[in-house]
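What follows is each chain in one-letter form.
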Amino acid sequence: MKVIDKVQEMQNIVNTHRKRGERIVCVPTMGYFHDGHLSLMKLAQEYGDVVIVTLFVNPTQFGPNEDFERYPRDFQRDYELASSIGVDYLFAPTVEEMYPDGYSTKIIVNKFTDKFEGLKRAGHFDGVATVVTKIFNATKPNVAIFGQKDLQQTLVVRQLVKDLLFDIDIVIAPTVRESDGLAMSSRNVYLSREEREVASQIYRALQKGLDAINKGITNRDVISSYVQKHLSKFPQLTVDYVAVVNSENFEEPAEFVPGENVAILVAVYLGKTRLIDNIITKIP
Ligand code: PAF
């Protein structure tokens, strides 16, 4: 696996591969790899000939009071893990390389960004859309793979690709979970042992929502109340939001209809750590 830290060099490399007719698959990440990332990298190998993993903790998607500074980083460990999976290139630019002096462009996606993560984390999706655009221009992929855990981000990225005419197929990979159901996240490392135990209740709460749907409940507020009720049993959890939405357009009808794909979304604080998760199902 080759490590590339300059945009120009990355572009030269992908141009060469593209001239040979090879398909490029990109997995954008912020590093501190866990099995969720590794599953995206393995999946990437099924979609093309050359796999590029990008590793960049993007400052523009963090708010001023968020965890950019303390976001976990371990380049050597990430290098070894990606290399062991058979990734071809690890594109790991510096902040200066991605946002050089005088940098002054922002991409704003106006759809899907005014609620949930977009509302709670002002400017977050502008930062995501901007960096994803830059990553796409640096790595020129045919396919890019994102995880379902950041479900709202996947809608924003699809909209970005559609609106800016990127000739890139977006693949969404399922969330990888710990044995107790906790969604894998680089931020799980922030949790104390006690918080880590309680964290599994997020998935249990999502399943309560799923149970309600499987029982035939189609009312959004009622489904949501099953999730909220479970979370409220754990005083360590502070709910940021619980939402039940159409998973394809994030609309929130009062009643869902049979066959509709629904996502249950949760964001909670456990101490200072903010965790998000979701589950998608079909209304029977
Ligand atoms: O999902 C992430 O890790 C980030 O938001 C992404 C897509 C790599 C952009 O920085």
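The sections below set out a description of the structure shown in this document. It should be emphasised that the depicted structure is a prediction, and the values quoted were computed from it without experimental measurement. (Residues numbered from 1 in each chain as written. Predicted model: local features only at pLDDT ≥ 70, side-chain atom pairs only at ≥ 80, totals over all residues. Heavy atoms only, no water.)

**Description of the site of the ligand**
Right, so step 1: The environment of the ligand is formed by Pro28, Thr29, Met30, Asn58, Gln61, Val131, Phe146, Asp150 and Gln153.
Right, so step 2: Calculation on the ligand without its partners gives an accessible area of 290 Å², and the protein chains cover 88% of this total.
Right, so step 3: Of the residues contributing to the shell around the ligand, the split by class is four nonpolar, four polar and one charged. (Near = heavy atom within 4 Å. Areas by Shrake-Rupley, 256 points an atom, 1.4 Å probe, with all protein chains shown as cover. Nonpolar A, V, L, I, M, F, W, Y, C, P; charged D, E, K, R; others polar.)

**Description of a positive patch on the surface**
Right, so step 1: Among the surface-exposed residues, Arg204, Lys208, Lys215, Lys229 and Lys233 lie close enough to one another that they form a single positively charged patch.
Right, so step 2: Relative to the helices and strands, Arg204 resides in helix α8 (residues 193-214).
Right, so step 3: Residue Arg204 is classed as partly exposed on the basis of its relative accessible area, which comes to 41%. (Patch = residues over 30% accessible without salt bridge, like charges linked within 9 Å, V, L, I, M, F, W, Y side chains within 5 Å. Salt bridge = Lys/Arg side-chain N within 4 Å of Asp/Glu carboxyl O. Lys, Arg positive; Asp, Glu negative; His and termini not counted. Charge placed at Lys NZ, Arg CZ, Asp CG, Glu CD. Helix = DSSP H or I, 4+ residues; strand = E, 2+ residues; numbered from the N terminus. Buried < 20%, exposed > 50% of the residue type's maximum accessible area, 1.4 Å probe, protein only.)

**Some thoughts on unusual backbone geometry**
Right, so step 1: The phi angle at Tyr32 is positive, at roughly 55 degrees, despite the residue not being glycine.
Right, so step 2: Tracing the sequence through the fold places Tyr32 in the loop between β2 (24-29) and α2 (35-47).
Right, so step 3: On the basis of relative accessibility, which here comes to 22%, the residue Tyr32 falls in the partly exposed class.
Right, so step 4: Its identity is not glycine, yet Phe116 carries a phi of approximately 50 degrees, on the positive side.
Right, so step 5: Positionally, Phe116 belongs in the loop between α4 (95-98) and α5 (117-120).

**What to know about the pairing of strand β8 (residues 261-270)**
Right, so step 1: Among the ten residues of β8, eight are classified as buried, and the element is accordingly described as predominantly covered.
Right, so step 2: When strand β7 (residues 237-246) meets β8, the two strands line up antiparallel, connected through nine bridges. Across the sheet, the residue bridging to Leu237 is Leu270, located in β8.
Right, so step 3: In this antiparallel pair of consecutive strands, β8 and strand β9 (residues 273-282), the connection spans two residues, and Gly271 shows a positive phi of 60 degrees. (Pairing = 2+ DSSP bridges.)

**A short note on the side chain of Thr113**
Right, so step 1: Mapped onto the elements, Thr113 comes out in the loop between α4 and α5.
Right, so step 2: Residue class for Thr113 comes out buried when judged on its relative accessible area of 15%.
Right, so step 3: A polar side-chain atom of Thr113 sits 2.7 Å from the main-chain carbonyl oxygen of Val109. (Polar contact = N/O pair within 3.5 Å; in protein donor to acceptor, adjacent residues only side chain to side chain.)

**Details of the packing of α2 against helix α3 (residues 75-85)**
Two packed helices can be described by the angle between their axes and the distance between those axes.
Right, so step 1: Across the interface, α2 lies against α3 with an axial gap of 10 Å and an inter-helix angle of 35 degrees. In the crossing of α2 with α3, the sense of the turn from one axis to the other is right-handed. Of the residues in α3, those touching α2 at Leu38, Met41, Lys42 and Gln45 are Leu81, Ala82 and Ile85. (Axes fitted to C-alpha atoms, helices over the stretch in contact; angles between N-to-C directions. Left-handed = near helix turned anticlockwise from the far one by under 90°. Contact = heavy atoms within 4.5 Å.)

**Things to note about the side chain of Asn188**
Right, so step 1: Residue position: Asn188 is located in the loop between β6 (169-173) and α8.
Right, so step 2: We classify Asn188 as buried; its relative accessible area is 12%.
Right, so step 3: With residues up to four places along the chain from it excluded, the contact list for Asn188 reads Leu182, Ala183 and Leu275.

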